[in-house]
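# Structural overview for review
One-letter residues, chain by chain:
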Amino acid sequence: MNSREKILNAIGQNKPSLVALPEVKIAYAENINLTSRFSEILTGIGGNTIIVKNYLEIKSNIQEKFGTYHRIVNQVDEVEIKNEDSLELKKPYQLEDIDLAIIKGRFGVAENGSVWVEDSDISHRVLPFICQHLIIIINEENIVSNMHDAYRFLETTSFKNLQNSSFGVFIAGPSKTADIEQSLVIGAHGARSLIVYIIKNKF
Amino acid sequence: MQNQFIEHADAAENFIKDEPRTDWHDETLWFVRQKRDLAVNKIPEWEELREFASKIKDHSLSNLDNYLLEFERNAQNNGIQVHWALDAKEHNSIILDIIKKNNVSKIVKSKSMLTEECHLNEFLQENKIEIVDTDLGEWIVQLRKETPSHIVLPAIHLKKEDVGETFHQNLGTQKGLTDPKELTEIARDYLREKFLSAELAITGVNFAIAETGGFVVCTNEGNADMGVHLADIHIACMGFEKIIPKLNHLSVFLRLLARSATGQPITTYSSHFHKPRVGQQMHIIIVDNGRSNQLARPDFRNSLKCIRCAACFNTCPVYRRSGGHSYHNAVAGPIGSILAPNINMRENADLPFASTLCGSCSNVCPVKIDIHQQLWKWRQVLMEEGHGKSSKKIGMQLLNLIFTKPKIYRLVGWIGRMIMKKLPFSISNSLNPWYKQREMPEVPKNSFREWYLKNKK
């Protein structure tokens with residue numbers, strides 16, 4: 001008998017009798033403005049949100065803030081900012097000196113300020129982690145209330161038929177650590193800052 | 001392993017010798033507990049979430065073999081290679097095999113308590129293979145040749161001065177650095193080099209999803225992602241109890257985990273791995289290492305529901321005042337004290353006694369493990385199996401005699417009060433263990449019984 005069979009047999013013998021799986025139903029009737037809750041929470045964990053009308057506004061805002069940065073990777077075509085050439089051909093470690101990455105987020109979660117990033121939207125999985133500064137763009141209509149709604153969203157999009165997503169990540173703020181005396185330090189191994197641009201459809 | 005054979009009470013006695021430092025340790029962890037409370041109190045449905053989490057885990061344990069098979073099938077379909085390890089030794093040798101087969105030598109690892117449990121670092125060192133821990137706290141303790149003292153905050157036993165000195169001695173940085181920001185920046189620079197050159201990255205697993213064959217890894221620093229997305233080989237190590245049935249169950253667990261651990265609404269990165277990237281190898285090692293024995297013990301099996309948030313550590317009055325190393329086990333604190341005796345009853349017989357049984361651990365546990373009750377039950381088991389100290393046995397027998405015979409009880413009480421009154425020095429001296437770090441109480445004029453008989457009319 002190999003280890004796999006030994007483990008499975010031992011579990012089969014030792015497990016308790018079957019307990020029913022509950023259906024997760026959380027009643028929530030909180031009537032909140034999702035955009036302002038999302039902004040409030042993300043700001044509280046070290047990120048930033050900027051509400052804009054369109055991609056043009058994002059472009060000028062980025063140029064104003066990051067105009068001096070020359071190593072910018074832009075993976076959102078609608079933001080017409082020059083991109084590093086032939087990024088696809090690079091090995092992941094060659095992204096090491098990137099100052100700023102601009103990427104798309106699929107949706108935001110108001111209760112924890114996180115944004116779902118899917119690897120089909122980024123040329124390299126390491127991009128949102130290895131860049132010094134990170135910008136994620138989402139549409140306001142794609143902010144959901146909480147994690148239950150978030151997974152419902154995923155089940156109908158990235159995980160439709162449980163097939164599509166090969167890598168995805170909730171990103172909530174910049175990289176951080178409090179491992180030295182519980183002092184919060186922003187910028188541990190990943191991005192030192194995060195701005196989420198929220199494109200507002202109705203004014 | 002340091003402190004391997006020092007019992008918890010003795011190690012704790014050593015720990016509290018430095019009183020200001022003990023107070024600082026106590027307050028720092030209590031601060032984390034308070035942050036948890038603030039976060040939890042913002043979620044009106046918190047108790048509902050705990051109940052769901054507990055029930056999902058109960059169900060998962062009761063159908064674990066089938067879920068593991070479902071997970072394996074789906075993971076393999078996703079292109080992940082699945083390995084099974086009966087014990088720590090097999091876990092380590094699977095990793096060594098992958099290293100040798102691929103002829104790699106540069107390895108980074110993000111936080112994984114399972115690899116601590118299996119003593120992977122020591123094993124690889126013996127095989128002349130360098131492995132770098134990349135979680136800041138873990139890296140600091142690795143440089144110091146120590147083990148983590150806390151499963152979420154591995155270097156919580158150290159002060160910033162200690163970290164500055166560690167960096168000075170190991171990296172040649174300037175002496176006397178104490179600014180956490182500056183120290184973190186040094187680590188960022190140093191470890192970035194390690195990430196960029198890493199050929200193989202090892203991570204733990206927070207949750208493995210049977211339905212999708214994927215797994216989730218949570219970090220704040222981004223070190224797990226930096227490692228695995230740069231290296232060509234990813235090995236994820238999981239205890240078999242990490243299985244959850246469905247993708248949408250993550251909503252419950254991710255809402256609970258970070259709030260319970262540090263008071264954050266969610267960790268900075270919650271990465272969902274389902275397929276290796278093009279050209280990458282992805283392995284997952286499913287480890288038993290005593291867990292199936294724990295599953296067989298009805299009184300203790302639900303310790304396997306643990307999601308490693310460490311809320312029970314931060315709230316524990318004993319942990320906060322004795323430090324993680326006193327527990328001489330990869331997982332310290334209350335949960336470690338109910339997991340460890342399963343792995344080695346003799347070596348860990350002291351741990352279930354490292355508790356006041358106040359029950360705070362059970363109250364903060366996000367998956368509702370009855371931790372303090374299990375601590376108490378372990379004490380019964382350990383005494384029955386002959387692992388109790390003889391002093392404890394004799395003491396209990398003596399107390400049994402006194403408390404079951406009212407006349408003896410009254411007599412002993414009277415003698416005790418007399419001695420404390422007339423001969424206080426015979427009690428208040430260093431030969432009396434109760435007198436250590438304590439003042440003796442003031443002696444009452446009479447016993448409650450005497451008072452009651454006098455006043456009942």
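For the structure itself, look to the data block above.
So, here is what we can say about the structure in this document. Predicted model, so just to flag it, every value in this text is computed and none were measured. The written sequence of each chain sets the order in which its residues are numbered from 1. Naming scheme: in the order in which they are written, chains are lettered from A and ligands are numbered from 1. pLDDT decides what is reported in this predicted model: residues at 70 or higher carry local features, side-chain atom pairs at 80 or more are listed and counted, and totals for whole chains, interfaces and linings draw on all residues regardless.

## Examining the overall build of chain B
What chain B contains, in helices and strands, is 21 helices and 10 strands. Relative to the globule expectation of 23 Å for 457 residues, the C-alpha radius of gyration of chain B, 25 Å, shows essentially globular dimensions. Overall, chain B is about 85 × 55 × 45 Å in size when its C-alpha atoms are taken along their principal axes. Note that contacts rest on C-beta atoms placed from the backbone: two residues are in contact if these are within 7 Å. Across chain B, every contact between residues at least 6 apart in sequence was considered, and the portion connecting residues at least 24 apart equals 72%. Strands here mean DSSP runs of E at least two residues long; helices mean DSSP runs of H or I at least four residues long; both are numbered from the N terminus. Just to be clear, the radius of gyration here is over C-alpha atoms, and the globule rule we use is 2.2 Å times residues to the power 0.38.

## Looking at the sheet that holds strand E2 (residues 72–74) of chain A
All names here are of chain A. Read from one edge to the other, the open sheet built from five strands follows the order E1-E11-E6-E3-E2, with strand pairing classed as parallel. Of all strands in the sheet, those with a lone pairing partner are strand E1 (48–52) and E2, marking the two edges. Between one strand axis and the next, the sheet turns through 20 degrees on average, direction left out of account. A pair of strands is labelled paired if DSSP reports no fewer than 2 bridges between them. Of the pairings in the sheet, the one linking strand E6 (residues 133–139) to strand E11 (residues 193–199) comprises seven bridges and is parallel in character. Residue Ile 137 lies in a different strand from E11, and its bridge partner there is Tyr 197. Of the strands in this sheet, E1 and E11 are in contact with helix H2 (residues 34–44), which crosses E1 at around 150 degrees. Sitting on the sheet, helix H3 (residues 55–66) touches E1, E2, strand E3 (100–104), E6 and E11, and the angle it makes with E1 is about 140 degrees. Structural elements are reduced to axes, namely lines fitted to C-alpha atoms, with helices fitted over the stretch in contact, and the angle between N-to-C directions of any two is expressed from 0 to 180 degrees.

## Description of the environment of A:Glu80
Tracing the chain through its elements places A:Glu80 in the loop between E2 and E3. Separated by 22 residues in the primary sequence, A:Glu80 and A:Ile58 place their C-alpha atoms 9.4 Å from one another.

## A short note on the sheet that holds strand E2 (residues 107–109) of chain B
Residue and element names in this part refer to chain B. Read from one edge of the open sheet, six strands run E1-E10-E7-E4-E2-E3, paired in parallel fashion. The open sheet terminates on both sides in strands that have one partner only, identified here as strand E1 (81–85) and strand E3 (131–133). Strand-to-strand twist across the sheet, computed as the mean angle between neighbouring axes with direction ignored, equals 20 degrees. Across three bridges, the pairing between E2 and E3 is parallel. Bridge pairing in E3 places Val 108 opposite Val 132.

## Description of the packing of helix H3 (residues 46–62) of chain B against helix H12 (residues 250–261) of chain B
Residues and elements named next belong to chain B. Packing of H3 against H12 leaves a shortest axis separation of 10 Å and a crossing angle of 120 degrees. The angle between H3 and H12 falls in the class oblique. Between H3 and H12 lies a crossing of left-handed hand. On H12, the residues that touch Leu 49, Arg 50, Phe 52, Ala 53 and Ile 56 of H3 are Val 252, Phe 253, Arg 255 and Leu 256. Oblique is the label for any angle not covered by the other classes, which are roughly parallel (under 35 degrees), roughly antiparallel (over 145) and roughly perpendicular (65 to 115). Left-handed describes a crossing whose near helix is turned anticlockwise from the far helix by less than a right angle; the clockwise case is right-handed.

## Let's talk about unusual backbone geometry
A negative phi angle is the norm for most residues apart from glycine, just as the trans form is the norm for most peptide bonds. All names here are of chain B. Of note, His 119 is a non-glycine position whose phi angle comes to about 50 degrees, a positive value. Considering the arrangement of structural elements, one finds His 119 in the loop between helix H6 (113–117) and helix H7 (120–126). For His 119, a count of 18 C-beta atoms within 10 Å translates into the label partly exposed. Of note, the phi angle at Leu 357 is positive, near 55 degrees, even though the residue is not glycine. As for its position among the elements, Leu 357 is in the loop between helix H16 (333–343) and helix H17 (360–364). Three exposure classes are used, all based on how many other C-beta atoms lie within 10 Å of a residue's own C-beta (placed from the backbone): buried at 20 or more, exposed at 12 or fewer, and partly exposed between those limits.

## Quick word on the nonpolar core
Put simply, a nonpolar core is a cluster of buried Ala, Val, Leu, Ile, Met, Phe, Trp, Tyr and Cys residues tied together by C-beta atoms within 7 Å. In terms of nonpolar packing, the biggest core is built from 174 residues, with A:Ile136, B:Phe215, B:Met238, B:Phe253 and B:Cys312 touching the most fellow members. With eight residues, the top contributor of residues to this core is H12(B). Contacts of B:Phe253, omitting those with residues within four sequence positions, involve B:Ala53, B:Phe207, B:Ile244 and B:Ile307.

## A word on the interface of chain B and chain A
Counting from both sides, the interface comprises 72 residues of chain B and, opposite them, 62 residues of chain A. Gly counts as polar in this scheme, as do all residues outside two lists: the nonpolar Ala, Val, Leu, Ile, Met, Phe, Trp, Tyr, Cys and Pro, and the charged Asp, Glu, Lys and Arg. Of the residues belonging to the side of chain B that touches chain A, the class tally is 32 nonpolar, 22 polar and 18 charged. Here five bridges tie strand E8 (residues 167–171) of chain A to strand E9 (residues 269–273) of chain B, and the two strands are oriented antiparallel to one another. By the bridge assignment, A:Phe167 is partnered in E9(B) with B:Phe273.

## Some remarks on helix H8 (residues 136–143) of chain B
Here H8(B) lies mainly inside the structure; seven of its eight residues are buried. Contacts made by the buried residues of H8(B) are with strand E9 (176–177) of chain A together with E3, helix H9 (160–171) and helix H10 (180–197) of chain B. Residue B:Lys145 follows H8(B) closely and has a positive phi angle near 55 degrees.

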